[in-house]
Amino acid sequence: MAEINFKEIESKWRAYWEKEGIYEFNEKTKKKIYSIDTPPPTVSGEMHIGHACSYSQQDFLARYKRMAGFEVFYPFGTDDNGLPTERLVEKRKGIKAKDMPRNEFIKLCLDFLKEELPKFTQDWKNIGISCDFNLSYSTINEHSRRISQWSFLDLYKKGRMQRKDAPAMWCPECKTGVAQVEVEDNEISSTFNDIIFKVGKEDLVIATTRPELLPACVAIFYNPKDSRYKKYLGKKAKVPLFDFEVPIMEDPRADPEKGTGIVMCCTFGDQTDMEWQKAHNLPIKMALTETGEMTELAGKYRGLKIKDARRIIIKDLKESGLLKNQKPIKHMVNVHERCGTEIEFIKSKQWFVHYLDLREEMLKWGNELNWYPEYMKHRYENWVKGLQWDWLISNQRYFGVAFPVWYCADCENPILAEESQLPVDPLKDSPPIKNCPKCKSSNITPEKDVLNTWFTSSMTPQIAIQLVKDKKVREKLLPMSLRPQAHEIISFWLFNTLIKSRLHYNKNPWKDTAISGFVTMQGEKMSKSKGNVIRPQEVMEKYGADAVRYWAASSKLGEDFDYQEKDVVTGKKFVTKILNAANFVFMNLQHQEKTPKLHETDRLMLLQLNKAIEISTKAFEEYNYARAKLEADNFFWKTFADNYLEIVKQRVYQGNEEEKASASYTLYQSFLAILKLMAPITPYITEEIYQMHFKKHEDKKSIHHEDWPSKIKVKESKEDDLTWNKMIEIISLVRQKKSEAKKSMKAEIILSLPKEDLSLLEKTLSDLKAVTTAKEIKEGQFNVQFLEA
């Protein structure tokens, strides 16, 4: 096989597609619209292999729908506001946001994005994503900020926004409140410390992994069914090292099997502490600051970082004879998914979207979606059933979409922006009124927090749809047809987008959702620390974009799968083979304007093609691109290249006019159909072959504007499959006999076939004779007799 210059091919057709507007969305279309809520990738420096895989997979579906007759609305966005961008800018520029004036840091982020986005987006263009890049957005641009802030105002009017001075999950590293959706479980090594509290003169031993929270202890609980501690009900225990007393109480949430079966409640160590504080109306004592240091409540430990305080308090407990025992354990803790830091609970004023009362409705809404694969719905349902918090949307950061809110400094009444002002930045812009409507004070201050990035990202259907100028078209686009996304952000992006759409518009944002899996390396998630990261840029440089896409199509939706270079190599072999096959076919092909009289073998071949078209089409309709690719790929290699090309070769070269016409027609129609079937998967090489050999006979600018192949009208009979399969079986057996005898495939033979086979294959015997180089085919038991040279 000749080596091909895939870089030149890719560059040529990328430029052509852009110049000719091949993937542009036509607002004036008369076609039915198929709309995709494209996931905006987080601007993280460059496309990673997971992106390359999942975006290729959604692109297979977009390209199929375009060829299937739909006008495809397929915009492109980038998620570039909030904490991820902040951390990237801090890393690249070697600075810390907290050490700079806020306006200077924001300018630095915007300048960085202006420089970075064209390079970042180019990776998606290179791999052949067929978005309309003229319909683009970034989640920090004016357009997205306006829609995000409108969402806040609308939810406020609907009574769904609440500002609460309450304990909330907090990341001491990122110094911001975090939502439940941004928290992951992580197993860590820790120690159960058996600490001695005093009840009068008696020792009461309590096990804890968090001795640094002793100054925030407000009560001690045991289970009412635990007879060991009944005698302490109503008494008080003295907290070691800090010498204050707390009540001993009963609560069924205390686990008799955990530790010593009696537990201290601190405000706040975990969710249960919060529940106890609320249920028993306990005081709130904060031992930790927002920066993860001990407060003045900790006395001599004030200012120590959490782990330093833990270490020194354990040392002091030992020296005071108040530490009875220590036991190493492993347990699950909540960590911030952005940085891996253990979550704390800090009391502060935060904005929440109130939705815990809607859990039953959430399950119904999820059930109205068509899930591909269907089992992914269980992840959504499990998330809904496990919800314990309203959605915290305040981030104490610098770069992000501002809350459209000011406050009265005297009575704390929130003052909201007018919709006509949006987007606003309260740090720069004036409020819509000069005096507080509640207390008439003119002392008004801006909100400094920014909206959580998922609050904006959960509006991507509206952000995308509002890019369309025609209002009537915009109205047709909700609900959108498809949300493609990865399974790990079902609880982040899919859930919140669905909830927002229901709260704003009382309808689901899409009809279908297609969920992709992880790309792993030997079963492990890729990470720089493990040194197992594959850069798709390097793979494309070596093998080409089509080869990477071919690999991506080997995984079913929802499945995590290993990166295997051999699968990419197979993709490159396909690209080379199909180009060489095209050149071979068109060397001698005589184009037929009309359907000629078909030779029997050609009729049977076209029926096999029809089966491949039917299976591929059905698979694509079910979003099963892997099955569609497998069918088209097998048909090309096994049916077309390995067998049919060899069968008709002699007729093409030496047949009469009628035989040549039938072979040429079948070769042309089969090859065009194969190109169309593989065009969603390998867009570059199929375009190259189409433009080189087919465009002059067809009426489309691009293969990607061609109609999806439909069945060719051919007469059928009961024994068609039997006849074709028998013919292929005999060809295969003859090849095997020649290989075993170490003979050339061109070696002449006398072929013997049973009477029933001769009868079945009567109309194809001339082709069978040619392809097996049989001088004679006679009746008898199957036998291959070699003629002497």
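Nothing here was measured: the structure is a model prediction, and the numbers come from that model.

Asker: How would you explain the pattern of salt bridges if you had to name every residue and give the values?
Answerer: Counted according to the given criterion, the structure contains 50 salt bridges. Salt-bridge contacts for Glu-20 lead to Lys-701; the nearest nitrogen and oxygen are separated by 3.2 Å. One end of the pair, Glu-20, is in helix α1 (residues 6–20); the other, Lys-701, is in the loop between α20 (683–694) and α21 (720–740), with 681 residues separating them in the sequence. For Glu-20, a relative accessible area of 26% gives the class partly exposed.

Asker: Can you explain helix α3 (residues 83–93)? Please cite residues and give values.
Answerer: Listed in full, the buried residues belonging to α3 are Leu-83, Pro-84, Thr-85, Glu-86, Leu-88, Val-89 and Glu-90. Packed against the buried residues of α3 are α4 (102–126) and β13 (323–336). Of the residues trailing α3, Gly-94 is marked for its positive phi of about 65 degrees.

Asker: An account of the sheet that holds strand β28 (residues 774–779) is needed here, citing residue identities and associated values.
Answerer: Taken in spatial order, the 3 strands line up as β28-β27-β29 in an open sheet, and their pairing is mixed. Of all strands in the sheet, those bounded by a partner on one side alone are β28 and β29 (783–786). The sheet shows a mean angle of 20 degrees between the axes of neighbouring strands, direction not considered. Of the pairings in the sheet, the one linking strand β27 (residues 749–753) to β29 comprises 4 bridges and is antiparallel in character. Residue pairing in the sheet places Ile-750 in a bridge with Gln-785 of β29. Where α21 meets the sheet, it contacts β27 and β29, and its direction lies at approximately 135 degrees from that of β27.

Asker: Just give me the short version of the environment of Phe-635, but keep the residues and values in it.
Answerer: Looking at the secondary structure, you find Phe-635 in helix α18 (residues 625–654). For the pair formed by Phe-635 and Lys-611, sequence separation is 24 residues and the distance between their alpha carbons is 9.7 Å. With near-sequence residues (within four places) excluded, Phe-635 lies in contact with Met-605, Gln-608, Leu-609, Ala-612, Phe-640 and Ile-674.

Asker: So what's going on with unusual backbone geometry? Which residues, and what values?
Answerer: Excluding glycine, residues mostly carry a negative phi; peptide bonds, for their part, are mostly trans. Backbone torsion omega between Tyr-372 and Pro-373 reads -5 degrees, so that peptide bond is classified as cis. Along the chain, Pro-373 turns up in the loop between β15 (370–372) and α9 (377–385). Residue Pro-479 is reached from Leu-478 by a cis peptide bond, and omega for that bond is 5 degrees. Structurally, Pro-479 can be placed in the loop between α12 (471–476) and β22 (480–486). Phi at Lys-742 is positive, roughly 55 degrees, even though this residue is not glycine. Look at Lys-742 and you get exposed, because its relative accessible area is 77%.

Asker: An account of the pairing of strand β5 (residues 161–171) is needed here, citing residue identities and associated values.
Answerer: In regular strands, side chains alternate between the two faces of the sheet. One ladder, built from 10 bridges, connects β5 with strand β14 (residues 344–353); its direction is antiparallel. Note on β14: the bridge partner recorded for Gln-162 is Phe-352. Summarising the sheet, β5 and strand β6 (residues 176–177) pair through 2 bridges and their orientation is antiparallel. Of the residues in β6, the one forming a bridge with Cys-171 is Thr-176. Linkage of β5 to β6, two consecutive antiparallel strands, is achieved through a turn of 4 residues, within which Lys-175 is found at a positive phi near 55 degrees.

Definitions and cut-offs
- Residues numbered from 1 in each chain as written.
- Predicted model: local features only at pLDDT ≥ 70, side-chain atom pairs only at ≥ 80, totals over all residues.
- Heavy atoms only, no water.
- Salt bridge = Lys/Arg side-chain N within 4 Å of Asp/Glu carboxyl O.
- Helix = DSSP H or I, 4+ residues; strand = E, 2+ residues; numbered from the N terminus.
- Buried < 20%, exposed > 50% of the residue type's maximum accessible area, 1.4 Å probe, protein only.
- Contact = heavy atoms within 4.5 Å.
- Pairing = 2+ DSSP bridges.
- Axes fitted to C-alpha atoms, helices over the stretch in contact; angles between N-to-C directions.

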